[in-house]
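# Structural description and commentary
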Amino acid sequence: MHPTEQAAIPTRVIGLISGTSVDGIDAALVEISGTELDLKVELLVGETYPYPGEIRERILAVCAGEAISMAELAELDDAIAFAFAKAAQNIQIGHQPATLIGSHGQTVFHRPPADRGLETGDWELGKKTRLGYSLQIGRGALIAYLTGITTISNFRVADIAIGGHGAPLVPRVDACLLSHPQEGRCIQNLGGIGNVAYIPPRRDDWLAKIRGWDTGPANSLLDLAVQHLTAGAKSYDEGGKWAASGTPCYALVEQWLSQDYFHLPPPKSTGRELFGVAYLHECLKDAEPYQLSPADILATLTELTVASIAHSYQTFLPQMPQRVLLCGGGSRNLYLKQRLQLLLPSVPVLTTDEVGLNADFKEAIAFAVLAYWRQLGIPGNLPAATGAPCEVLLGEVHQSQ
Ligand SMILES: Nc1ncnc2c1ncn2[C@@H]1O[C@H](COP(=O)(O)OP(=O)(O)OP(=O)(O)O)[C@@H](O)[C@H]1O
Ligand SMILES: CC(=O)N[C@H]1[C@@H]2OC[C@@H](O2)[C@@H](O)[C@@H]1O[C@H](C)C(=O)O
């Protein structure tokens, strides 16, 4: 069947992802039709399945750079694949079965490419250049076998192999689902790490002007600080209430904003390798002379997140958006949202819920779309966002048995 004929029939797809917060598996069961600009996605059900505590601890340890043997890595890989397969099975209960799974897996390592600015022809293995490397575990072949559903996984590797960052990948999906005829929009994801898709008004050569990059920490430092300040009793600050009772220390925010990452021009990507435990401990050391209360520390880290986002828009966008649409868990942090609005006074800051796209499951939905595109032969990366020299098909296909 021709791809456009195939796209006319809605396909039932499951999108699965566990992000940099490592809080659990976000699963979305969706019905998709169309191709790109006529893409239609209906979310039938979205669920988050928390990881068993022991798996979460092991993932966080690996992400923090702890040594792991190959045998332990193999075990963790399969434990994650089992958990993802279970999530895929559970989400279909009470629904017509899905025919395709897009599984992002669990990122345990992400290294952006070095030697930025080289031309395509300059990428030579073993010479002066170094490609990026990004490892998502929870092998797709096992998910396909356990669920009996064709599964697409390893979405980042093809983009990285041609010199891209392999991230962020969601901007192309955002552009198809959230563009507006008159309005320039920033779709700001607030997961462990933040990333943005800038979508100009949908006219003339708008596609060429779409941009995307990782903005830096969103909740990663905040969550780690909450765990540190409560000796592990709490994992995050519900609604940002604790932070809201503190006062940001602007001198520290200024100091922290001088970090190289925030000044690097896009395309760029990052992860817990940079904005993780060691980074938080540096921040806490910097804060000592100011004798801040725990609430002040959280307010100051929140300010770092929002100031780095606002600063990156002001510095790197061709023009400011007319609207910011938040998604990801941080969109539920009302204090963070309020602070971002204060820094962007002339731009309404809303959530994607308010334009009809579920803010909690947008990433899971995006990986369902990327899998669907893979099956139709449509590339999933946006070179302006990943830095790759061209578009490529994303994902490895594991047929069901
Ligand atoms: N009600 C809430 N109030 C405050 N913060 C919240 C709330 N709900 C979720 N969060 C924050 O959002 C985080 C989870 O966000 P999300 O699930 O989008 O991250 P992720 O998908 O793991 O990350 P990434 O997008 O970087 O891959 C939690 O760790 C927490 O910090
Ligand atoms: C390597 C990796 O897993 N990166 C994630 C992470 O979480 C947010 C940000 O950093 C983003 O670049 C990316 O995820 C989303 C899903 C993306 O690729 O668009």
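Here the structure is a predicted model, which is why all the values come from computation and not from measurement.

## So, helix α2 (residues 53-63)
For α2, every residue scored as buried is listed here: Ile55, Arg56, Ile59, Leu60, Ala61, Val62 and Cys63. Contacts made by the buried residues of α2 are with α3 (70-91) and β4 (100-111). Within two residues after α2, Gly65 carries a phi angle of roughly 95°, on the positive side.

## Points about the pattern of salt bridges
Applying the stated criterion across every chain, the model contains 14 salt bridges. A salt bridge links Arg332 to Asp353, with the shortest nitrogen-to-oxygen separation between them at 2.9 Å. Separated by 21 residues along the polypeptide, Arg332 in the loop between β10 (323-327) and α13 (334-343) and Asp353 in the loop between β11 (349-351) and α14 (362-376) bring together distant segments of the chain. Judged by relative accessible area, Asp353 falls into the partly exposed class, the value being 32%. In this structure, Asp360 and Arg332 form a salt bridge, with 3.0 Å as the shortest nitrogen-oxygen distance. With a gap of 28 residues between them, Asp360 in the loop between β11 and α14 and Arg332 in the loop between β10 and α13 connect regions that are remote in the sequence. Given the relative accessible area of 33%, Asp360 is considered partly exposed. Taken together, the shared-partner salt bridges connect Glu36, Arg172 and Glu391 into one network.

## Quick word on the site of ligand 2
Thr107, Arg156, Leu169, Val170 and Asp214 are the nearest of the 18 residues found near ligand 2. In the model, an oxygen atom of ligand 2 is placed 2.6 Å from a nitrogen or oxygen of the Thr107 side chain. Summarising the interface, the protein chains cover 97% of the accessible area of ligand 2, which totals 440 Å² for the free molecule. Elements with a contribution of two residues or more to the shell around ligand 2: β4, β5 (133-137), β8 (193-199) and α14. Here the shell around ligand 2 takes three residues from β4, the largest share from any one element. Residues that form the shell around ligand 2 fall into these classes: seven nonpolar, eight polar and three charged. Summarising the domain contributions, the shell around ligand 2 has at least three residues from each of domain 1 (3-169 + 361-398) and domain 2 (178-355).

## Examining the domain arrangement of the chain
Per the domain assignment, the segments making up the chain are domain 1 (3-169 + 361-398) and domain 2 (178-355). Here domain 1 and domain 2 have C-alpha centroids that lie 23 Å from each other. Listed per partner, the contact involves 20 residues of domain 1 and 25 residues of domain 2. Summing both sides of the interface, domain 1 and domain 2 together bury roughly 1800 Å²; the carbon and sulfur share of this comes to 56%. Counting across the domain 1 and domain 2 interface gives zero salt bridges. Between domain 1 and domain 2 we count eight residue pairs in polar contact (both at pLDDT 80 or more) in total. Residue assignment for the side of domain 1 that touches domain 2 shows that the elements contributing at least two residues are α2, β4, α14 and α15 (383-386).

## With respect to the site of ligand 1
Lining the immediate surroundings of ligand 1 are 23 residues, of which Thr20, Ser21, Asp223, Gly239 and Gly329 lie closest. Within the backbone of Gly329, an N or O atom sits 2.8 Å from an oxygen atom of ligand 1. Burial of ligand 1 by the surrounding chains reaches 87%, relative to a free accessible area of 650 Å². In the shell around ligand 1, the residues fall into four nonpolar, twelve polar and seven charged. Built from parts of two domains, the shell around ligand 1 gets at least three residues from each of domain 1 (3-169 + 361-398) and domain 2 (178-355).

## Observations concerning the confidence of the model for the chain
Predicted confidence across the chain gives a mean pLDDT of 94, with 95% of residues reaching 70 or more. For this predicted complex, the interface confidence reaches an ipTM of 0.98, while the overall pTM sits at 0.95.

## Some thoughts on the UniProt feature "binding site: ATP" (unreviewed entry) in the chain
Taking the UniProt record as the reference, the feature "binding site: ATP" (unreviewed entry) is found at Gly19, Thr20, Ser21, Val22, Asp23, Gly24, Ile25 and Asp26. Among the secondary structure elements, Ser21 is positioned in the loop between β1 (11-18) and β2 (25-33). With relative accessibility at 14%, the residue Ser21 sits in the buried group. The contacts of Ser21, once residues within four sequence positions are left out, are Arg56, Gly191, Gly192, Asp223 and Arg272. For Gly24, the position within the fold is in the loop between β1 and β2.

## Description of the packing of aromatic side chains
Applying the stated criterion across every chain, the model contains seven aromatic pairs. Taking 6.3 Å as the distance between ring centres and 50° as the angle between the ring planes, the aromatic pair formed by Phe109 and Tyr133 counts as tilted. Placement of Phe109 in strand β4 and of Tyr133 in strand β5 is noted, with a sequence separation of 24 residues between them. Classification of Tyr133 as partly exposed rests on a relative accessible area of 46%. Ring centres of Tyr261 and Phe275 lie 5.9 Å apart, and the angle between their planes is 80°; on these two criteria the pair is classed as edge-to-face. Of this pair, Tyr261 sits in helix α10 (residues 260-263) while Phe275 is found in the loop between α10 and α11 (277-287), placing the two residues 14 residues apart along the sequence. Judged by relative accessible area, Phe275 falls into the buried class, the value being 0%.

Reading the values: the criteria
- Here the residue numbering is sequential within each chain, running from 1 through the sequence in written order.
- All chains are assigned letters beginning at A, and all ligands numbers beginning at 1, according to the order in which they are written.
- The model is predicted, so local features are restricted to residues of pLDDT at least 70 and side-chain atom pairs to those at 80 or more, both for listing and for counting; the totals for chains, interfaces and linings are taken over all residues.
- Side-chain measures here rest on the full set of heavy atoms in the structure, leaving out hydrogens and waters.
- Whether a residue is buried, partly exposed or exposed follows from its accessible area with a 1.4 Å probe, protein chains only, as a fraction of its type maximum: under 20%, in between, or over 50%, in that order.
- Think of it this way: any DSSP run of H or I at least four residues long counts as a helix, any run of E at least two long counts as a strand, and we number them from the N terminus.
- The contact rule is simple, with two residues in contact once any of their heavy atoms fall within 4.5 Å.
- We define a salt bridge as a contact between a side-chain nitrogen of Lys or Arg and a carboxyl oxygen of Asp or Glu at a distance within 4 Å.
- We call a residue near a given molecule or strand whenever any one of its heavy atoms falls within 4 Å of it.
- Any pair of nitrogen or oxygen atoms within 3.5 Å is treated as a polar contact; in protein, a donor-acceptor pairing is required on top of that, and neighbouring residues in sequence qualify only through side-chain atoms on both sides.
- Each accessible area value is a Shrake-Rupley result obtained with a 1.4 Å probe; residue values ignore everything except the protein chains displayed when judging cover.
- All amino acids are sorted into three groups, where Ala, Val, Leu, Ile, Met, Phe, Trp, Tyr, Cys and Pro are nonpolar, Asp, Glu, Lys and Arg are charged, and the leftover types, Gly among them, are polar.
- Each domain's limits were defined by an automated method or a database of domain assignments.
- By buried area we mean the combined loss of accessible area, with a 1.4 Å probe, across both parts when two parts are placed together.
- The pLDDT value tells you how sure the predictor is about a given residue, anywhere from 0 up to 100.
- UniProt positions are given in the numbering used here, feature names are shortened, and annotations may be inferred rather than shown by experiment.
- Only centres within 6.5 Å qualify two rings of Phe, Tyr or Trp (six-membered ring in Trp) as a pair; their planes then separate them into stacked at under 30 degrees, edge-to-face at over 60, and tilted for everything else.

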